[in-house]
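Next come the chains, spelled out residue by residue.
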Amino acid sequence: MNTKLFVEAFVTLLVIVDPPGMVPIFLGLTGAMAPRERNRAGWQAVALAGGVIVVFAVGGQQILRYLGIDLPALQGAGGLLLVLVALELLTGKQGDPDPEATTNVALVPLGTPLLAGPGAIVATMLFVRRAHGVADYLAIAVAILLALMIVWVVLRFSGLVVKILRPSGIEVLTRIAGLLLAAIAVQLIAESVEAFVTGFLHSPH
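Bear in mind that the values here come from a model prediction, so they are computed numbers and not experimental data.

Thresholds applied
Residues numbered from 1 in each chain as written. Predicted model: local features only at pLDDT ≥ 70, side-chain atom pairs only at ≥ 80, totals over all residues. Heavy atoms only, no water. Phe/Tyr/Trp six-rings, centres within 6.5 Å; stacked < 30°, edge-to-face > 60°. Helix = DSSP H or I, 4+ residues; strand = E, 2+ residues; numbered from the N terminus. Buried < 20%, exposed > 50% of the residue type's maximum accessible area, 1.4 Å probe, protein only. Lys NZ or Arg CZ within 6 Å of the ring centre and 35° of its normal. Polar contact = N/O pair within 3.5 Å; in protein donor to acceptor, adjacent residues only side chain to side chain. Contact = heavy atoms within 4.5 Å. Axes fitted to C-alpha atoms, helices over the stretch in contact; angles between N-to-C directions. Parallel < 35°, antiparallel > 145°, perpendicular 65-115°, else oblique. Left-handed = near helix turned anticlockwise from the far one by under 90°.

Mind laying out the packing of aromatic side chains, listing which residues take part and the relevant values?
A full pass over the atoms with the stated rule returns one aromatic pair. Between F6 and F10 the ring centres are 5.9 Å apart and the planes differ by 10°, which places this aromatic pair in the stacked class. In this pair, F6 and F10 are both assigned in helix α1 (residues 3-17), four residues apart and thus about one turn of the helix distant. A residue is classified by how much of its surface remains accessible, and F6, at 14% relative accessible area, is buried. For F10, a relative accessible area of 15% gives the class buried. Sitting over the ring of F157, R156 keeps its end group 5.8 Å from the ring centre.

Written out as structure tokens, the structure is:
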């Protein structure tokens, strides 16, 4: 296995998915759920994120080329999606948790675009482009798996925070999570617009 590539890919993905930073957002979205439902949402989100990252690692370039989508467009779409979720968290209009809501939260926004967002997708695609053999592909695969396992462990034990904070603390955390999500969304949209403008200015007229 290519150890150097593994370390680079693992550290990059871990920084992008940011497990500690995911905790307030995860609890903001799932704080009102029963522990069992929260745990299920955690592993569903990680499983989906893994699936999305692997799909884009294997055929990301071909998918985007076939659909005629640029990476900044993907980034902007992720940002707009997070804006909607952030507004729900900030206004408290999430509704009562049920099994269907658990699955929805696990898939969007937790699985994607938070865990498997434009950053993780682009980083993985770039690492795959650098790979030249089985050892390189194995290094990338192990890096993705290990990063997602760490995320799952962090989310799995985030329930301890719920016990400490109580319902009133979760309410405050939900608002903070909404603010963080809104900031992430604005950043994604700003970077998307910047990339489009830069591309337009450098394109031949």
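Residue-level account of unusual backbone geometry, with values.
Among all residues save glycine, negative phi is the norm, and among peptide bonds the norm is trans. Here V108 and P109 are connected by a cis peptide whose omega angle stands at 10°. As for its position among the elements, P109 is in helix α5 (residues 99-115). Here the bond from T112 into P113 is cis, since omega is 15°, no more than 30 degrees from zero. The backbone of D18 sits at a positive phi, close to 50°, despite the residue not being glycine.

Residue-level account of the side chain of Q75, with values.
By secondary structure assignment, the location of Q75 is in helix α4 (residues 71-91). Note on Q75: relative accessible area 16%, which makes it buried. A distance of 2.7 Å separates a polar atom in the side chain of Q75 from a polar atom in the side chain of E191. Contacts of Q75, omitting those with residues within four sequence positions, involve P118, L188, E191 and S192.

Help me get a handle on the packing of helix α2 (residues 19-30) against helix α3 (residues 35-67), residues and values and all.
In contact at an axis separation of 11 Å, α2 and α3 are set at 130° when each is read in the N-to-C sense. In terms of their interaxial angle, α2 and α3 are classed as oblique. As α2 runs across α3, the sense of the crossing is right-handed. Residues F26, L27 and T30 of α2 touch α3, and the partners they reach there are R38, A41 and G42.

Lay out the environment of G119 in plain terms, naming residues and giving numbers.
Mapped onto the elements of the fold, G119 is located in helix α6 (residues 118-130). You can call G119 partly exposed: its relative accessible area is 33%. Separated by 48 residues in the primary sequence, G119 and L71 have C-alpha atoms spaced 9.8 Å apart.

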